[in-house]
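What the coordinates show
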There are 2 protein chains.
Amino acid sequence: MIVIDYRDKRPLYEQVAEKLAQLIICGVLESNTKLPSVRSLALELSINPNTIQRAYNQLEQDGYIYTVVGRGNYVTDVHEWKNGYQNTVLQELEEGVKKAREAGITSERVTALVQSVYAAPVQESPPPRDEESN
Amino acid sequence: MIVIDYRDKRPLYEQVAEKLAQLIICGVLESNTKLPSVRSLALELSINPNTIQRAYNQLEQDGYIYTVVGRGNYVTDVHEWKNGYQNTVLQELEEGVKKAREAGITSERVTALVQSVYAAPVQESPPPRDEESN
DNA sequence: TAAGTGCACTAATCGACTTAGTACACTTAA
DNA sequence: TTAAGTGTACTAAGTCGATTAGTGCACTTA
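Residues numbered from 1 in each chain as written. Chains lettered and ligands numbered in written order. Predicted model: local features only at pLDDT ≥ 70, side-chain atom pairs only at ≥ 80, totals over all residues. Heavy atoms only, no water.

Looking only at helices and strands, chain A has five helices and two strands in total. Helices and strands appear in chain A in the N-to-C order α-α-α-β-β-α-α. Against the globule reference of 14 Å for 134 residues, chain A gives a C-alpha radius of gyration of 19 Å, more extended than a compact globule. Seen through its C-alpha atoms, chain A measures out along the principal axes to roughly 55 × 35 × 30 Å. For chain A, the accessible surface area stands at approximately 8,200 Å², while carbon and sulfur atoms represent 50% of it. (Helix = DSSP H or I, 4+ residues; strand = E, 2+ residues; numbered from the N terminus. Rg over C-alpha atoms; globule rule 2.2 N^0.38 Å. Areas by Shrake-Rupley, 256 points an atom, 1.4 Å probe, with all protein chains shown as cover.)

Shown next as structure tokens:
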């Protein structure tokens, strides 16, 4: 299911988390699917269970999966995940706008920036999943 | 001019850069003022010249000062600095908006966010210097 | 030419991050 | 109750990058 690239300079847990996130995003792992246990996946990849644990923690923080102690890890429902991600993006954006305001940039200028971005043609890396526009 | 706090866990060069930035922002060091040389300031603070060098590099990157090899470091003109800072903020903001668009967030929602931030009453830490609104 | 300036390179130190080892608490089913 | 399977907390070793220091070079000015 997952292959580790030892030439990759990033930490193992980050690689594992990223690969799993991709599988979730592209739909291979559907909502509420049970992920392999930390021990079994660790055995399969020949690395320490704690490393898998950390990858799972990362995924949980990012909202991709949820954990039930004693039972296992499960893929988060698509709608929940999408809402969570959008909220994160919006929070970051709010910080940026506040910063702009404090820097003395007018709201007109910021609004113009927003419009120009949305007016630009779409290119590269489309959003993970985007059937519905809520 | 500057006092180092060894209880502070941050690196020395960061402390030095921050203190100098504050002096520049609050107007103690006016535009085109010559800063102390890396050697003299290092001697004054009893730290290595390279540490001061790094602090100055940081300040130059952030647009607070400019460097002339063989001559010294000088405080950037207020207008230049302000433009540079605003551009940095706007670039960061653009990235955020692109991310929002890719996440499937509508432009209306982003615009509403911008307006709500600018509608909120001003509070805490006002912008460094803000007599003119260009 | 000499003094003063910033800059580039290397080396030592130190701390944080990463990973592994181990033991514990929880859930489930026999 | 018991046993197997699950996630979690704690500590320790190893590794790697950031920070700081040391040294020498190139540039500007008088």
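As a structural note, the neighbourhood of DNA strand D is formed by 23 residues, with A:Q53, A:N73, B:L12, B:N48 and B:N50 the closest of them. The contact atoms of DNA strand D, taken as those within 4 Å of the protein, divide so that sugar and phosphate hold 62%. Contact distances for DNA strand D include 3.4 Å between a base nitrogen and a backbone N or O atom of A:G70. Mapped onto the surface near DNA strand D, the elements with two or more residues apiece are α2 (38-45), α3 (49-61) and β2 (72-75) of chain A together with α1 (12-25) and α3 (49-61) of chain B. In terms of residue class, the surface near DNA strand D is built from six nonpolar, twelve polar and five charged. (Near = heavy atom within 4 Å. Polar contact = N/O pair within 3.5 Å; in protein donor to acceptor, adjacent residues only side chain to side chain. Nonpolar A, V, L, I, M, F, W, Y, C, P; charged D, E, K, R; others polar.)

We now examine the protein's contact with DNA strand C. With respect to spatial proximity, 23 residues lie near DNA strand C, and among them A:L12, A:N48, A:N50, B:Q53 and B:N73 are the closest. Those atoms of DNA strand C that come within 4 Å of the protein belong to sugar or phosphate at a rate of 62%. One nitrogen or oxygen atom from the side chain of B:N50 is found 3.3 Å from a base nitrogen belonging to DNA strand C. Elements with a minimum of two residues in the surface near DNA strand C: α1 (12-25) and α3 of chain A together with α2 (38-45), α3 and β2 (72-75) of chain B. Grouping the amino acids of the surface near DNA strand C by side-chain chemistry returns six nonpolar, twelve polar and five charged.

Further remarks concern the relation of the copies chain B and chain A. With an RMSD of 0.1 Å, the fit of chain B onto chain A corresponds to turning through 180° and sliding 0.0 Å along the axis. What we have between these two chains is a two-fold relation. Considering only C-alpha atoms, the residue of chain B closest to the rotation axis is B:T111, which sits at 3.2 Å. Counting the interface residues of chain B, we find that 100% of their copies in chain A are interface residues as well, pointing to one common contact surface. (Least-squares fit on C-alpha atoms with pLDDT ≥ 70 in both. Contact = heavy atoms within 4.5 Å.)

Residue-level contacts link 35 residues of chain B with 36 residues of chain A. Taking both sides of the interface into account, the surface hidden between chain B and chain A amounts to around 3,500 Å²; carbon and sulfur atoms contribute 64%. Per-residue buried area on chain B facing chain A is highest for B:L93, B:R101 and B:Y118; these three make up 21% of the total on that side. Along the contact surface separating chain B from chain A lie two salt bridges. Salt-bridge contacts for B:K99 lead to A:E92; the nearest nitrogen and oxygen are separated by 3.4 Å. Our count for the contact surface shared by chain B and chain A stands at twelve residue pairs in polar contact (both at pLDDT 80 or more). (Buried area = accessible area lost by both parts, 1.4 Å probe. Salt bridge = Lys/Arg side-chain N within 4 Å of Asp/Glu carboxyl O.)

Residues and elements named next belong to chain B. Residues G72 and Y74 line one face of β2 and the alternating positions N73 and V75 line the opposite face, and both faces are buried. Note: strand β1 (residues 65-68) against β2, four bridges, orientation antiparallel. Note that in β2 the partner of T67 across the bridge is N73. If you look at the hairpin formed by β1 and β2, you'll find three residues sitting between the two strands, and G70 has a positive phi there, around 85°. (Buried < 20%, exposed > 50% of the residue type's maximum accessible area, 1.4 Å probe, protein only. Pairing = 2+ DSSP bridges.)

Per the domain assignment, the segments of chain A are domain 1 (12-76) and domain 2 (79-119). In this structure, domain 1 of chain A and domain 2 of chain A have C-alpha centres spaced 31 Å apart. (Domains from an automatic or database assignment.)

Right, let's talk about the pattern of salt bridges for a bit. With the rule as written, the count across this model stands at ten salt bridges over all chains. We note a salt bridge from B:D5 to B:R7, for which the minimum N-O separation is 3.2 Å. Given the relative accessible area of 27%, B:D5 is considered partly exposed. Since its relative accessible area comes to 74%, B:R7 is described here as exposed. Ionic pairing is found between B:R10 and B:D8, a salt bridge with its closest N-O pair at 2.9 Å. Overall, B:R10 belongs to the partly exposed group, its relative accessible area being 29%. Taken together, the salt bridges that share partners define one network made up of A:D8, A:R10 and A:E18.

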